[in-house]
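Here are the chains, one letter per residue:
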Amino acid sequence: MSPTQIAIALWTLVHKEIKRFMRIWPQTLLPPSITMTMYFIIFGNLIGSRIGDMDGFSYMDFIVPGLIMMAVITNSYSNVASSFFSNKFQRSIEEMMVSPMPNWVILAGFVLGGMARGLGVGLIVTIVSLFFTRISMVHPLLTIFVVVLTSALFSIGGFINALLADKFDDISIVPTFILTPLTYLGGVFYSISMLPALWQGVSMLNPILYMVNVFRYGFLGVSDIPVVWALSAIVAFIVVLFGIALWMLDRGKGIRS
Amino acid sequence: MATPALSIRGLTKVYGNGFHALKGIDLDVQQGDFFALLGPNGAGKSTTLGVVCSLVQKSAGQISIFGIDTDRDFARAKYHLGVVPQEFNFNQFEKVIDIVLAQAGYYGMSRSEALPRAKRLLGDLGLWDKRDGSARMLSGGMKRRLMIARALMHRPKLLILDEPTAGVDIELRRSMWEYLRRINREEGTTIILTTHYLEEAESLCRNVAIINHGEIIRNTSVRALLTELDTETFLFDLAAPLEAVPQIEGFEVQQIDGAQLAVMVHRGQRLNDIFAALGEQGIEVVSMRNRANRLEEMFVTMVEQGNADLARAAAAAEARP
Ligand SMILES: Nc1ncnc2c1ncn2[C@@H]1O[C@H](COP(=O)(O)OP(=O)(O)O)[C@@H](O)[C@H]1O
Ligand SMILES: [Mg+2]
C-alpha cells in the first residue's frame, strides 16, 4: 500500500473505533466519570480532610494524578480488549484480514482507538477534579508524555488479551485480577514511603507504580522513584509488547485457523 | 493463455485437530470465467476459499492470484480479490453504509471515491434505502447482499462467494444470480462460487470443479459434467476372453481385460441394443453390473443433503404460526 493508502486505512480504523465508544457512551464514558467523582468526594473531600498531608500536599491534590492515571489505564485496556474481542466474536475482524492493510496498521488502529478513549476519559476525570481542587502542573510536557505512553502501553496490553481470549470472560480476568490490584497498590492512594522497607521493595516490582509516580511528578514535582528510570521502563515495555502483539497477529494467533 | 485469475497447486490443509481438510488440490480458474466449486457439506469448499483469502492458514501448496504468488506478496494479491463468506461477518450494530465505507477505507480508497461507489452498489443491490439502519435489522437475503456490496467496493477483478444463496429465498436467489451474471458479463469480473446445488452451478457457471473429502474429483465444463451425469457405465463379464474390442453401434466400448467390457450408456439408450449387438457377434454375457462411480456417490450424498435441507425448511415453515 502507498503511504496515502496506509494513512486512509489507519484513519478508517481509528475513526471507527472512536465512533464505537462514542456510540455506546453510557457504557464507556459515563461509568468511569461517575466512579471517579465518587472517589473525589469520598476519599478526597470527606476522608482526605482527616488524613492531612501526603508528601507535603493535601490528600486531594495527592490522589488526583493517581485517579486520572487509573482511569486512563483501565479505559485504554478495556476499550481495546472488548472492541477487538467483539470484532473477533462477530468475525468482522475478517473484513480487515482480507484487505491489504498490513498487520501493524490493524494493531496501531486499535491501539490509537484505545488511547482516544483512555485519554478522553482521563480528560473528563481531570475536568471533574477541577470541581474539587485547583490543579497545577509543574512539568506539563512530561505529564502529557507519560500519560500518552501509559495509555499506549495498556492499549497494547488489551489487544494481546483479546487475541488470546476465547470468550467474553477472558477479557475481564486480567483487569479484575491483575490491573485493578496493581493500580490500587501502585501508589494511587498512598505514598510508598509510608510502607515498611520490605513492602517498598515489593512495590518496586509493580510497573504501574512507576507510571503513577512519574505522572504525579509532572503535576506536583515530587516522586518516590527516579523519573528517567520510569520513562525508560515504560518505553521498553511498549516496544516489547508491540513486538509481541505484532508477532502474534502475523502468526494469526487466535484469529486464523 | 492469459494468466489465470486463480491458480492453486498442491494445496493441503491440516487443521489444528489433525483433520486433513484438503489433500493436495490443483485448480486453475481463467480470467473472466464464472466458476463453480461444487461439493457436499464438509467437502472442503470453505477451507479452500479461506486459504485463498488468507483467513485460513495453508499447510502446504501454492496459490497465485492473477499471477501474484500469495507467499511473496499477499497484500498486492488482495487488491484483486473480493470475498463474500459463507457466514455473516460484519458488525451487526454498525450502519449499513458505515460497513461498506469502512471496507473501502481498509483498501486505502478515499471517501470521495468510496461514497459514490457505495451509493451505486447499495442501489444496485436494493439496500440504499436501508443505508442508515443498523445491519442487524436486515433480512437474511439483504445481509447476504450487503456482503456482496462490501466485497465489490474496491473493484476486485476476482469475486469469490461461499454458498451465496444458502438461506436465500427463490425470488431473491434469482435476482442475485442475475446480478452476478451481469457483473461477470459487463465488467468482466471473474467469479468463483461454491455451492452444493447442482442446479445453481448449472444455471450460472461455465466451468466447474467438484470437490469431495478434500480432493478435486472432476474439473470440467458444466456442459461436460451434465453429459457425464446422464451417462452410466456398465460392466459386462463375458463367458470367454476376446481378441479385439467389439463394435456396438452408438455406444462407446472399452475392454477392461480379456473377458470384461465397459460400455457407456447415455440416458435414453437401450440396454437391449447392447445385448442384441453382442449376441450377433457371438459374444456371451455371463453377468452385468454398473460401475461404482465416485461422482455418482457424491451426488447421491448431495441430493440427500438437499432433501434434508428441504425437509428442515418445510418443518420450520410448519412450525411458524
Ligand atoms: N477450524 C476447523 N478445525 C477443524 N476442522 C475443521 C475446521 N473447519 C472446518 N473443518 C472441517 O474440515 C472439513 C471441510 O470443511 P469446510 O471447508 O467448511 O467444508 P464445506 O465448506 O465444503 O462444507 C469439514 O469436515 C469440517 O468439519
Ligand atoms: Mg462451507
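Each chain carries its own residue numbering, running from 1 in the written order of its sequence. Each chain takes a letter, starting from A, and each ligand takes a number, starting from 1, following the order in which they are written. It should be noted that, the model being predicted, local features are given only for residues of pLDDT at least 70 and side-chain atom pairs only at 80 or more, the latter also being counted only at that level, while totals for whole chains, interfaces and linings use all residues. Heavy atoms throughout the structure, all of them, feed into the side-chain values; hydrogens and water do not.

S.K.: Go over the domain arrangement of chain B with me, naming the residues and quoting the values.
M.R.: The domains assigned to chain B are domain 1 (6-226) and domain 2 (229-290). An automatic or database domain assignment provides the domain bounds reported here. Here domain 1 of chain B and domain 2 of chain B have C-alpha centroids that lie 44 Å from each other.

S.K.: Go over the nonpolar core, please, and point to the residues and values.
M.R.: By size, the foremost hydrophobic cluster in this structure holds 113 residues, and its most contacted members are L67(A), F159(A), L6(B), I65(B), L158(B) and I160(B). Considering every element that reaches this core, the biggest residue donor is helix 4 (residues 59-89) of chain A, with 17 residues. Each residue touching L6(B), except ones within four places of it in the same chain, is listed here: L27(B), D28(B), V29(B), V52(B), I63(B), S64(B), I65(B), L158(B) and I192(B). Here, nonpolar core refers to any group of buried Ala, Val, Leu, Ile, Met, Phe, Trp, Tyr and Cys residues whose side-chain atoms link them within 4.5 Å. To sort residues, take the accessible area from a 1.4 Å probe on protein chains only and compare it with the maximum for the residue type: under 20% means buried, over 50% means exposed, and anything in between is partly exposed. Counting residues in each nonpolar core, the second largest holds 51 residues, with A118(B), A151(B), L161(B) and W177(B) among its members. The helix and strand labels rest on DSSP assignments: H or I over at least four residues marks a helix, E over at least two residues marks a strand, and numbering proceeds from the N terminus. Contacts: residue pairs with any heavy atoms within 4.5 Å of one another.

S.K.: Please give an account of the interface of chain B and chain A that cites residues and values.
M.R.: With 30 residues of chain B at the contact, the number on the chain A side is 24 residues. Summing both partners gives a buried area of about 2500 Å² for chain B against chain A, and 50% of it is carried by carbon and sulfur. For the chain B face of the interface with chain A, the top three residues by lost area are L55(B), Q57(B) and Y106(B), together amounting to 29%. Just to be clear on terms, a salt bridge is a Lys or Arg side-chain nitrogen sitting within 4 Å of an Asp or Glu carboxyl oxygen. Summed over the shared surface of chain B and chain A, the result is four salt bridges. Here the quantity called buried area is the accessible surface, traced with a 1.4 Å probe, that two parts lose on coming together, added over both.

S.K.: Could you give an account of helix 2 (residues 70-78) of chain B, with specific residues and numbers?
M.R.: For helix 2 of chain B, the complete set of buried residues consists of T70(B), A77(B) and K78(B). Viewed end-on, helix 2 of chain B has its buried residues packed into an arc of 70°, placing them on one side of the element. Looking at the packing, one finds that the buried side of helix 2 of chain B touches helix 5 (93-97) of chain A together with strand 4 (60-65), strand 5 (68-69) and strand 6 (81-84) of chain B. The opening residue of helix 2 of chain B is D69(B), an N-cap whose side-chain oxygen sits 2.8 Å from the backbone nitrogen of D71(B). Read the arc as the range of directions from the helix axis to the C-beta atoms. Here a polar contact means two N or O atoms within 3.5 Å. Within protein one must be a hydrogen donor candidate and the other an acceptor candidate, and residues neighboring in sequence count only if both atoms are side-chain atoms.

S.K.: Account for the packing of helix 7 (residues 140-164) of chain A against helix 10 (residues 207-220) of chain A, with residues named and values stated.
M.R.: Residue and element names in this part refer to chain A. In this analysis, axes come from line fits to C-alpha atoms, helices being fitted only over the stretch in contact, and the angle between any two N-to-C directions falls in the range 0 to 180 degrees. Closest axis-to-axis distance for the helix 7/helix 10 pair is 8 Å, and the angle between their directions is 155°. Relative to helix 10, the element helix 7 is oriented roughly antiparallel. Here helix 7 and helix 10 pass one another in a crossing that is left-handed. For the pair formed by helix 7 and helix 10, the contact residues are L142, T143, V146, V147, T150, L153 and F154 on the first element and I208, M211, V214, F215, Y217, G218 and F219 on the second. Each residue gets one label: Ala, Val, Leu, Ile, Met, Phe, Trp, Tyr, Cys and Pro are nonpolar, Asp, Glu, Lys and Arg are charged, and the others, such as Gly, are polar. Partitioned by chemical class, the residues of the contact of helix 7 with helix 10 number 11 nonpolar, three polar and no charged. To sort the angles, those under 35 degrees are grouped as roughly parallel, those over 145 as roughly antiparallel, those from 65 to 115 as roughly perpendicular, and the leftovers as oblique. Crossings are classed by handedness, with left-handed meaning an anticlockwise turn of the near helix from the far one by less than a right angle and right-handed meaning a clockwise turn.

S.K.: Outline the coordination of the magnesium ion (ligand 2), listing residues and values.
M.R.: Donor atoms from the polypeptide that coordinate the magnesium ion (ligand 2) comprise S46(B) (OG) and Q86(B) (OE1), at 2.0 to 2.2 Å from the metal. You can see S46(B) sitting in helix 1 (residues 45-52) and its partner Q86(B) sitting in the loop between strand 6 and helix 3 (96-106), a full 40 residues away along the chain. Ligating atoms shown are N, O and S within 2.8 Å of the metal, or 3.2 Å for Na, K and Ca, and water is not included, meaning a site may look less than complete.

S.K.: Break down the site of ligand 1 for me, with residues and values.
M.R.: By convention in this text, a residue qualifies as near a molecule or strand provided that one of its non-hydrogen atoms is within 4 Å of it. Lining the immediate environment of ligand 1, one finds 13 residues, of which G42(B), G44(B), K45(B), S46(B) and T47(B) sit closest. With respect to ligand 1, its neighbouring residues span chains A and B. Contact distances for ligand 1 include 3.0 Å between an oxygen atom and a backbone N or O atom of G44(B). The protein chains shown are the only cover counted for residues, whose accessible areas, like all others here, come from Shrake-Rupley with a 1.4 Å probe. Within the complex, 67% of the 560 Å² of free accessible area of ligand 1 lies under protein. Take the shell around ligand 1: its biggest share by element is three residues, from helix 1 of chain B.

S.K.: Describe the side chain of R256(A), and please don't skip the residues or the numbers.
M.R.: Summarising the element assignment, R256(A) is placed in the segment after helix 11 (227-251). Here S54(B) takes part through its backbone oxygen, which lies 2.6 Å from a polar atom of the side chain of R256(A). Every residue in contact with R256(A), bar those within four places of it in the chain, is listed here: M97(A), L249(A), D250(A), S54(B), L55(B), V56(B) and Q57(B).

S.K.: Please provide a residue-by-residue account of the sheet that holds strand 13 (residues 260-266) of chain B, values included.
M.R.: Residue and element names in this part refer to chain B. Reading across from one edge, 12-13-11-14 is the order of the four strands in this open sheet, with antiparallel pairing throughout. Sheet topology places strand 12 (252-257) and strand 14 (285-290) at the edges, where each strand pairs with a single neighbour. Neighbour-to-neighbour, the strand axes of the sheet open up by a mean angle of 25°, direction not taken into account. Note on pairing: DSSP must find at least two bridges between two strands before they are called paired. Alignment of strand 12 against strand 13, held across five bridges, turns out to be antiparallel. From the neighbouring strand, Q254 faces strand 13, where its bridge partner is A262.

S.K.: So what about the layout of surface pockets? Which residues, and what values?
M.R.: Put simply, the second largest pocket is a space of about 590 Å³. Whether a set of points on the 1 Å grid over the protein atoms alone is a cavity depends on a 1.4 Å probe fitting there but being unable to get out, while an open set qualifies as a pocket with protein on both sides within 12 Å along at least five of seven lines; lining residues are those with an atom within 4 Å of a point. R91(A), E94(A), S257(A), L55(B) and V56(B) are, among the 28 residues lining the second largest pocket, the residues nearest its centre. Ranked by residues supplied to the lining of the second largest pocket, first place goes to helix 1 of chain B with four residues. Tallied by class, residues from the lining of the second largest pocket come to 15 nonpolar, six polar and seven charged. Grid points are joined across faces, edges and corners, and a volume is the space filled by probe spheres set on the points.

S.K.: Provide a residue-level description of the pattern of salt bridges, including the pertinent values.
M.R.: A complete count under the given rule lists 20 salt bridges over all chains for this structure. The closest approach of N and O atoms between E95(A) and R150(B), which form a salt bridge, is 2.7 Å. In this pair, E95(A) sits in helix 5 while R150(B) sits in helix 5 (residues 140-152), so the two residues belong to two different chains. Pair check on accessibility: E95(A) and R150(B) agree, each one buried. R206(B) is the salt-bridge partner of D33(B), the closest N and O atoms lying 3.7 Å from each other.

S.K.: Now, about the packing of aromatic side chains: what can you tell me, with residues and values included?
M.R.: Each pair of aromatic rings taken from Phe, Tyr and Trp, with Trp reduced to its six-membered ring, is defined by centres within 6.5 Å and is described as stacked if the planes are under 30 degrees apart, edge-to-face if over 60, and tilted in the remaining cases. Applying the stated criterion across every chain yields a total of 15 aromatic pairs over all chains. By the ring-pair criterion, three or more aromatic residues cluster together here, those being Y39(A), F43(A), Y184(A) and F189(A). A ring has a charge above it when a Lys NZ or an Arg CZ is no more than 6 Å from the ring centre and no more than 35 degrees off the ring normal. Across from the ring centre of F74(B), 5.0 Å away, lies the NZ or CZ of K78(B), which sits over that ring. One cation-aromatic arrangement involves K157(B) over F66(B); the distance from NZ or CZ to the ring centre is 4.2 Å.

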